[in-house]
Amino acid sequence: MSDVKEFEVDGKDLPLHCPTKEVALWASHPRVFLDVAKTGEVLCPYCGTKYKLKPGTQVHHH
């Protein structure tokens, strides 16, 4: 069994950063912004949490 945490995110979660308020209790590290829009998924370099875009998510570039 894997200890990797995985979360699906959508447009309202962008720009994405880790830790988010949902994971802040168990992922105590400096906030880092993650580019999930580039490939559809990204790993946090600090805690290894995996974030994936929900299917059908529209990414709006500013």
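Keep in mind it's a predicted model, so treat the numbers as computed, not measured.

Visitor: In this structure, what is going on with the state of the cysteines? I would like to understand it.
Guide: Note on terminology: disulfide describes a covalent bond linking the sulfur atoms of two cysteines. This model, assessed by the stated rule, comprises zero disulfides. Counting only cysteine sulfurs, Cys 44 is the nearest neighbor of Cys 18, a cysteine outside any disulfide, at a range of 3.7 Å. Residue Cys 18 is classed as buried on the basis of its relative accessible area of 0%. On the basis of relative accessible area, Cys 44 is assigned to the buried category, the value being 3%.

Visitor: Teacher, can you tell me more about the pairing of strand β5 (residues 50-53) here?
Guide: The side chains of a regular strand alternate between the sheet's two faces. Side-chain alternation along β5 places Tyr 51 and Leu 53 on a buried face and Lys 50 and Lys 52 on a face that remains uncovered. Pairing geometry for strand β1 (residues 6-9) and β5, over four bridges, is parallel. When the sheet's bridge partners are listed, Glu 8 is paired in β5 with Lys 52. As paired elements, strand β4 (residues 41-43) and β5 share three bridges and run antiparallel to each other. Bridge assignment links Glu 41 to a residue of β5, and that residue is Lys 52. Linkage of β4 to β5, two consecutive antiparallel strands, is achieved through a turn of six residues, within which Gly 48 is found at a positive phi near 80°.

Visitor: I would appreciate a short explanation of the side chain of His 29 in the present structure.
Guide: By the secondary structure assignment, His 29 is in the loop between β2 (16-18) and β3 (32-34). With residues up to four places along the chain from it excluded, the contact list for His 29 reads Cys 18, Pro 19, Cys 44, Tyr 46 and Cys 47.

Quick notes on the rules
- Residues numbered from 1 in each chain as written.
- Predicted model: local features only at pLDDT ≥ 70, side-chain atom pairs only at ≥ 80, totals over all residues.
- Heavy atoms only, no water.
- Disulfide = S-S within 2.5 Å.
- Buried < 20%, exposed > 50% of the residue type's maximum accessible area, 1.4 Å probe, protein only.
- Helix = DSSP H or I, 4+ residues; strand = E, 2+ residues; numbered from the N terminus.
- Pairing = 2+ DSSP bridges.
- Contact = heavy atoms within 4.5 Å.

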